[in-house]
Amino acid sequence: MKSLAILFTALTAASGTAASSWFPGTKSAYNKWHETELERWLSDHDVPYPTPADRADLEALVDKNWDDYVVKPYIKWDTAQLSSFIQAKGKEASAGAEETKDGLISQVKANWYETEDNARSAWASVKDWIFDTWTESQLKAFCDKNNIPVPQPRHRDTLLQKARSGYDTTAKKLGETAAYPGNWLYTSWSESDLKSWLDTHGFPAPQPSTRDKLVASVRRNSRLAYLKAQDEAASASSSAQAAYATLTDMIIDAWSESQLKDFCDKNGIPVPQGTRVNELRALVRKQRARILGDTVGSSASSAFGAATSKASNQFAKATDDASLAAQDAYNKVVGTWSESRLKAYLDARGIPVPQGSSVDQLRALARKNGHKAATAGNAWTFDDFSRENLQQYLRKHGDAAAKAAAEKKDASRDELVSVAQSGYASVSSAGGTAYASMTSALASAADSVKKSAFDTWTDTELKSYLDSYGVPVPQGSTTEELKALARKQSTYFKYGTSSPPETFFAKLGESARDGWNWVSHQLNLGGQAAKEKAIEAQTSAEAKAKKVREEL
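- The name an unreviewed UniProt entry assigns to the protein chain is Meiotic sister chromatid recombination protein 1, from the organism Hirsutella minnesotensis 3608.

Printed below as a string of C-alpha cells:
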C-alpha cells in the first residue's frame, strides 16, 4: 500500500489541478491606471500633456512614450552612457560600434538587464520590487508609520515581506492609488534620504531640488536601480565563486594567522574574538563551501538531480523513482514561472523574499519550499475563484465598497479579485474577531469553489491566468485544453509537491490517463510476479513431497 500511495502522489503531482489568478493579462500595465497616475507618470518623465485632458488622451501619450522610458530606456542615453554600460558589463564596444550611436544601442540591447516582456509587465505589480532598494531603517519606518505589524526579530527579509503584503492596504487606507504610487509611499523619507538614495544608485539629484522633484526622480529610477542591484549581486556572486574556486585546502593550510584574518576581513567573514588558527581555517573552508555550493545540502541536491534524471528516463522502474519524478515535474513547472508568480508562491506561504533576489534565486526558494502547501485562509485563496464566486463572496462578506464592486455589471474578474484581496489584507492587519470570522467564511467558500475550479472561466480569463505564470498558450488551444493547463499550474501553486488525495480521484484528466495506465501496468506486473512465485513454490513443494514418498 505504501508503494501505491507513493505512485498516486507522484502521478497527482505530475498531472496537476486546481486554480488561481488576479494578475493582468496581455494588456499594458497602464491600461487600468487612474488619470492621476497617468498624469504622474508623464510628469515624472517630463512628457508635456494638455490640461485639462481626458483619460484617453493621457493614456495615448503614455503609450507613445512607454517603450522609450520603460522597455528600452537606453534609447534616450547619450554615447558616453551607452559606452559606460557596455564597459560595466565587462564588454568592449564591437568594431565600429563606438562610431555610431545605433551600434552602441544595439550592443546595450543585447546585454540589457531584462527581456522586453519582463519590462512591460514589471509595473503591473510595483510592490514586488520597489522596496528592494530601500535600506532596513527605511523599511522599518514605512511599516511603523503605516501600522504594519512586523514580528521580532525584525530582520530585513521579514520587513520586506511585510512591506509588500501591506502595500495595497496602506494605499487604500490613505485613499491613494497604488499602481504607479504617489508621494505617499515616501512620506517616511527625509529629503536627505531621497538624495542619499539617488547618490547611492548613481542618479543625479534634480537641480534646483524640491521634495516633490526628489520623490519623482526616485520613483522614476526605482526600476532601473533594482535591475542594477540584481545584476551587481549576481556579478559579485560570480566573482566570489571564481575567487574561492582557486582556494585549495593546501593554500588554506599554508597561510599564516595574519593572512587568514586578512582574507576573512576582505571577504566579510565574521571572526569571533580569540579565534585560533585552526578555527580560522575552518571558518574559511566553511565559507568556501557555502559560496561554491559544496555543502551537505548542495551535495544532496546534486544527488537528487541525478536521481530525478533517472526518474525521467526510467520512470517505471521503482516506486522511489516515481516519488522523485513528482519532484522533478514540480521543478520543471517552477522553472517556467514568472518573477511575480514566484514571489506570490512564496508570499502565500509566508516565506520572506531576500532583497534583490534574482529569478533563479526565487526559483531555488520555491523548489526548496516545494513541500509546503499555502497557508489556509490567505489573500491567495481567491486565486481560483470564478467571477461568479467572487461576486457571491463580496456580496455576503464584503464592506459597502466591495458590495458595490460586486454589483457592477462590467466588473472584470481581475478587478473583483483585487477588491477581495484588498479587503482581506485590511482585515488581517486589524486581526481580532473580524479576522477570525473572515477566515472561517473564506475556508467555507474555498471548499465549494475547488470542486468546480475553472469550469465557468472564459478563454480570456484562462489566458490571462496562464500569462500570470509566464506560460505560453499554444495556438489553437481549445477551452478544455486551457482549463487543463490552468489546473496544472494552479495545483503546483497551491500545493507544491504535496497535492491533496482528492485531486487524484477528482481530476483524472487526459494528462493523468497515461499515468494511470502505467500504475495499472505496474500492479498487473506485481500480480503476475506473485502468481509466478506461488506456482514456483507449489512446484517446489510437490517435488519435495514426491522425493519424501520415494525415500519412504
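Quick word on the overall build of the protein chain
- Counting its regular elements, the protein chain contains 25 helices and 0 strands.
- Residue burial in the protein chain is summarised as follows: out of 552 residues, 41% are buried.
- Considering only residue pairs separated by 6 or more positions, the protein chain has 65% of its internal contacts joining residues 24 or more positions apart.
- With the model as given, the accessible surface of the protein chain reaches about 28,700 Å², and the carbon-plus-sulfur share is 52%.

A word on the packing of aromatic side chains
- With the rule as written, the count across this model stands at 36 aromatic pairs.
- When the centroid spacing of 6.3 Å and the interplanar angle of 85° are considered together, the rings of Tyr469 and Phe493 count as edge-to-face. A residue pair is termed long-range when its members are at least 10 positions apart, and Tyr469 in helix α22 (residues 459-469) and Phe493 in helix α23 (residues 479-495) qualify at 24 residues. Per residue, the accessibility class of Tyr469 equals that of Phe493, and both read buried.
- The ring of Phe203 carries the charged tip of Lys228 above its face, separated from the ring centre by 5.2 Å.

Here's the deal with the pattern of salt bridges
- Applying the stated rule across the entire model yields 18 salt bridges.
- A salt bridge links Arg120 to Glu116; the shortest N-O distance between them is 3.6 Å. Separated by 4 residues within a single helix, Arg120 and Glu116 lie in helix α6 (residues 116-122), roughly one turn from each other.
- The partner of Asp168 in a salt bridge is Lys127, with the nearest N and O atoms 2.8 Å apart. Of the two residues, Asp168 is situated in helix α8 (residues 156-173) and Lys127 in the loop between α6 and α7 (136-145); the sequence distance between them amounts to 41 residues.

Quick look at the packing of α7 against α8
- With their axes 10 Å apart at the nearest point, α7 and α8 run at an angle of 40° to one another. Classified by the interaxial angle, the pair formed by α7 and α8 is oblique. Along this stretch, α7 crosses α8, giving a crossing that reads as left-handed. When α7 is examined against α8, the residues Glu136, Leu139, Lys140, Phe142 and Cys143 are found in contact with a partner set consisting of Arg156, Leu159, Leu160 and Ala163.
- Classifying every residue of the contact of α7 with α8 by side-chain character gives 6 nonpolar, no polar and 3 charged.

Considering the layout of surface pockets
- As a volume, the second largest pocket reaches approximately 1,000 Å³.
- In terms of lining, the second largest pocket is formed by 37 residues, of which the most central are Trp77, Phe203, Arg220, Asn221 and Leu224.
- Those elements giving two or more residues to the lining of the second largest pocket turn out to be α2 (35-44), α3 (55-71), α4 (79-88) and α10 (211-245).
- In terms of residues, the lining of the second largest pocket owes the most to one element, α10, which gives 13 residues.
- For the lining of the second largest pocket, a count of residues per class yields 16 nonpolar, 8 polar and 13 charged.

So, the environment of Phe263
- Within the secondary structure, Phe263 sits in helix α12 (residues 257-266).
- On the basis of relative accessibility, which here comes to 15%, the residue Phe263 falls in the buried class.
- Taking C-alpha positions, Phe263 is 8.3 Å from Val284, a pair spaced 21 residues apart along the chain.

Overview of unusual backbone geometry
- Of note, the amide linkage connecting Gln152 to Pro153 takes the cis form, showing an omega dihedral of -10°.
- When you line up the elements, Pro153 lands in the loop between α7 and α8.
- Cis peptide bonds are those with omega within 30 degrees of zero, and the linkage from Gln207 to Pro208 qualifies with -10°.
- If you trace the backbone, Pro208 turns up in the loop between α9 (191-200) and α10.
- A positive phi is found at Asp46, a non-glycine position, where the angle reads about 55°.
- Structurally, the position occupied by Asp46 is in the loop between α2 and α3.
- One non-glycine residue, Asn147, lies in positive phi territory at about 55°.

Description of α7
- Within the span of α7, buried status applies to Gln138, Leu139, Phe142 and Cys143. Projected down its long axis, α7 carries its buried residues within an arc of 135°, all on one side.
- Against the buried residues of α7 lie α8 and α9.

Quick notes on the environment of Arg40
- Among the structural elements, Arg40 can be located in helix α2.
- For Arg40 and Ala216, which are 176 residues apart along the polypeptide, the C-alpha to C-alpha distance reads 8.6 Å.
- Each residue touching Arg40, except ones within four places of it in the same chain, is listed here: Thr177, Tyr180, Pro181, Gly182 and Arg219.
- Here the side chain of Arg40 touches Thr177 through a polar contact of 3.5 Å, side chain to side chain.

Comments concerning the nonpolar core
- Counting residues in each nonpolar core, the largest one holds 56 residues, and the members touching the most others are Trp66, Trp123, Phe131, Leu185 and Tyr186.
- Only α2, α3, α4, α5 (101-110), α7, α8, α9 and α10 provide two or more residues apiece to this core.
- Sorting elements by how many residues they give to this core places α10 first, with 7 residues.
- Every residue in contact with Leu185, bar those within four places of it in the chain, is listed here: Ile130, Phe131, Trp134, Phe142 and Tyr167.
- Formed by 28 residues, the second largest nonpolar core is a distinct cluster that contains Trp337, Leu362, Trp380 and Leu466.

Some words on the confidence of the model for the protein chain
- Mean pLDDT over the protein chain: 74, with 70% of residues reaching 70 or higher.
- Element-level mean pLDDT values for the protein chain span from 35 in helix α24 (residues 501-506) up to 94 in α2.
- Taken as a whole, residues 294-323 scores under 50 in pLDDT and shows 33 contacts with residues more than four places along the chain or in a different chain.
- Predicted confidence is poor over residues 500-531, with pLDDT under 50, and the contacts of this stretch with residues over four places away or in other chains come to 32 contacts.

Definitions and limits used
Residues numbered from 1 in each chain as written. Predicted model: local features only at pLDDT ≥ 70, side-chain atom pairs only at ≥ 80, totals over all residues. Heavy atoms only, no water. Helix = DSSP H or I, 4+ residues; strand = E, 2+ residues; numbered from the N terminus. Buried < 20%, exposed > 50% of the residue type's maximum accessible area, 1.4 Å probe, protein only. Contact = heavy atoms within 4.5 Å. Areas by Shrake-Rupley, 256 points an atom, 1.4 Å probe, with all protein chains shown as cover. Phe/Tyr/Trp six-rings, centres within 6.5 Å; stacked < 30°, edge-to-face > 60°. Lys NZ or Arg CZ within 6 Å of the ring centre and 35° of its normal. Salt bridge = Lys/Arg side-chain N within 4 Å of Asp/Glu carboxyl O. Axes fitted to C-alpha atoms, helices over the stretch in contact; angles between N-to-C directions. Parallel < 35°, antiparallel > 145°, perpendicular 65-115°, else oblique. Left-handed = near helix turned anticlockwise from the far one by under 90°. Nonpolar A, V, L, I, M, F, W, Y, C, P; charged D, E, K, R; others polar. 1 Å grid on protein atoms, 1.4 Å probe; cavity = no way out; pocket = protein on both sides within 12 Å on 5 of 7 lines; lining within 4 Å. Points joined across faces, edges and corners; volume = space filled by probe spheres on them. Arc of directions from axis to C-beta. Polar contact = N/O pair within 3.5 Å; in protein donor to acceptor, adjacent residues only side chain to side chain. Core = buried A, V, L, I, M, F, W, Y, C linked by side-chain atoms within 4.5 Å. pLDDT = per-residue confidence, 0-100.

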